[in-house]
Amino acid sequence: MQNELSKQKSLYLKQHENNPVLWQAYSPEVFEKARQLNMPIFISIGYSSCHWCHVMAHETFENEVAAEILNKYFICIKIDREEFPGVDKRYQFYLHATGKRGGWPLSIFALPDGRPFFGGTYFPPKPRHGIPAFSEIVVQLGKLYRETPKEAEKFANNFDAFMQKFSSYDKSMADLELFDFHTASEDFSKMFDTEFGGLGKDAKFPNTPVLNAMLEYYDTDLFVRDFLNLTADKLCTSGIYDHVNGGFFRYAVDRQWTVPHFEKMLYDNAQNSLFLLDMYERTDNMLYFRIAEKTIDFILNEFSTEFGLISAMDADSLSDNGKLIEGYYYLFTSGSTEQVDSRITLHEGVININDSDYEGYIRLEQYFERLRETNTREKPQKDTKVILSQNMLFCKALLKMFEVSGREYYLEQATALLGKLRHFHMEDDNLFRIGYHGDIMSHVTLEDYAQTIDTLLTFLSITKERAFLAEAVKLIRRANELFVNDGLLYLDTDRTVVDTFDDSMPSPIAVFIDILLNYKELIDEDIDSRLFDFAADRLIKYASGHPTLFLTFKRYMNK
């Protein structure tokens, strides 16, 4: 075997094409090879702009000794999570089921058939902070499979049994009549950080699915209203937003939102813009509108190509010495900001704004423009893959901006983007997830169908053009054929991954359930009612993990 990643188009995979690890691309043939050789599999999942993916690559996957150990015991597969979101979901869920936190890089040790028996995220080259060294884990697990394979299989079987039990259900839509949506909403409110905004007391992810669910209570619950206002203020003024260049970073590494993790993702910027525009409609706070506007304009300026919008900008950028440093492009010194305005505070070189006054912020923008124009550092690398679902999500942000502002420009941009996506990613009722400079990867996921249908229905609601409805209904029927089997809705066409939980994007299953509930009368074929019963069961049992299903059923039940 040899490292096969040079043959791939994914930037993330190509970043590892020169590793001494004998990486294979994800394919059925690799699993067949593993079965023939009776070798376990190491699966590494990440994406091109992920800082900690780069760290583990430099520390371990580029290390000859570590690679030799890994190649000795395992067949190694490298996966771009953006190409195969269902695969990522499957193994992330395994981590959660075994009591671990998910994230990237995702490190999974699996049987030759791909069933996991151990996993984690980042592992250091040497023991650190209670985390064992990666090579030590590889040797232990490799010997476990060689010497006592039944033990490894037992761990995999335990997860299979858990998933079988998890996928069963005993609640139905009828039980939602007695479901207390108000009590469930309090489960979300227990996660609120009422001092600094956002959820939890650690690193701050916007977590817009929860914020969107809570918007339902904005006019009726003062506690929720204050929380949402505080969170929106933080999104607009803290270090998670790039005040100089525009656009949101992935998340903030601290509770106060001051220092970000510097990658910029298309889906984050789309969702954060939509949330701020929703907040603007409720508050008339012009700062919310302005940050959404700057974000959308930033994406149009920096992410646009003739094929659609690219997926991401890297967290790392080249320093003057030619070294990749996280956030280097965005950092400033006290000398460059001192005596400009007392409202600007630097946290580890990151600009934060001390108040949420709109007029004051507008006065600062000339200064931000000067900083942008005089920045001669090299911009971070971009991942130029075009992802259908994320482009459709940004289409909705453009349509929302048109709806709120009345500016035809944004409707024109949304229409033009839809035209590109139709040309490259849509063929009759078949949708293709990934494009590399117009070269289309024919992988199919529920996420792409759900987001495309939802966007077409948004076009319908704004333009009143019935052709959008006909197109959406055709895609609903096709998705029903591809992803539904025996009362369950799957994320993949192989029908192996059932995961209803929201994460950084709304659950595709939840989005599709919402579509089916609202448009099932227009679909000229039977919709299995068990889909709704299963979704209701998930919400009733695990409400706090399902904000999108919560919102869907609350509106449908008119609760």
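Everything in this summary refers to the structure shown in the same document. (Residues numbered from 1 in each chain as written. Predicted model: local features only at pLDDT ≥ 70, side-chain atom pairs only at ≥ 80, totals over all residues. Heavy atoms only, no water.)

**Regarding the environment of Tyr556**
Then step 1. Mapped onto the elements, Tyr556 comes out in helix 21 (residues 547–556).
Then step 2. Put simply, Tyr556 and Asn518 are 38 residues apart on the chain and 8.1 Å apart in space, counted from C-alpha to C-alpha.
Then step 3. Excluding anything up to four places from it in sequence, Tyr556 contacts Met173, Leu517 and Lys520. (Helix = DSSP H or I, 4+ residues; strand = E, 2+ residues; numbered from the N terminus. Contact = heavy atoms within 4.5 Å.)

**Things to note about the nonpolar core**
Then step 1. Phe74, Leu228, Leu276, Phe394, Ile513 and Phe553 are the most contacted members of the largest nonpolar core, which has 163 residues in total.
Then step 2. Among the elements that line this core, the one with the most residues is helix 15 (residues 388–405), at 11 residues.
Then step 3. Contacts of Leu276, omitting those with residues within four sequence positions, involve Ala232, Leu235, Cys236, Phe248, Tyr288, Ile291 and Ala292.
Then step 4. Core analysis: the next-biggest nonpolar cluster, separate from the first, contains 26 residues, Val30, Ile45, Ile77 and Ile387 among them. (Core = buried A, V, L, I, M, F, W, Y, C linked by side-chain atoms within 4.5 Å. Buried < 20%, exposed > 50% of the residue type's maximum accessible area, 1.4 Å probe, protein only.)

**Some remarks on the pattern of salt bridges**
Then step 1. The full count for this structure, using the stated rule, is 42 salt bridges.
Then step 2. For Lys385, the salt bridge identified is with Asp80, shortest N-O distance 2.7 Å. Taken together, the residues span a long stretch of sequence, with Lys385 in strand 15 (residues 382–387) and Asp80 in strand 3 (residues 75–80) at a distance of 305 residues. No difference in accessibility class separates Lys385 from Asp80, as the two residues are buried.
Then step 3. Taking the shortest distance from any N to any O, the salt bridge between Lys385 and Glu82 comes out at 2.9 Å. Of this pair, Lys385 sits in strand 15 while Glu82 sits in the loop between strand 3 and helix 5 (85–97), placing them 303 residues apart in sequence. By the burial criterion, Lys385 is buried, and Glu82 matches it.
Then step 4. A cluster of three or more residues bridged by salt bridges with shared partners is formed by Arg290, Glu293, Lys294, Glu365 and Arg407. (Salt bridge = Lys/Arg side-chain N within 4 Å of Asp/Glu carboxyl O.)

**A closer look at the environment of Phe109**
Then step 1. Within the fold, Phe109 resides in strand 4 (residues 106–110).
Then step 2. For Phe109, a relative accessible area of 0% gives the class buried.
Then step 3. Among all residues touching Phe109, those that are not within four sequence positions of it are Ile41, Phe42, Phe74, Pro116, Phe117, Phe118, Phe134, Ile137, Val138 and Leu141.

What is shown is where atoms sit, not what they do.
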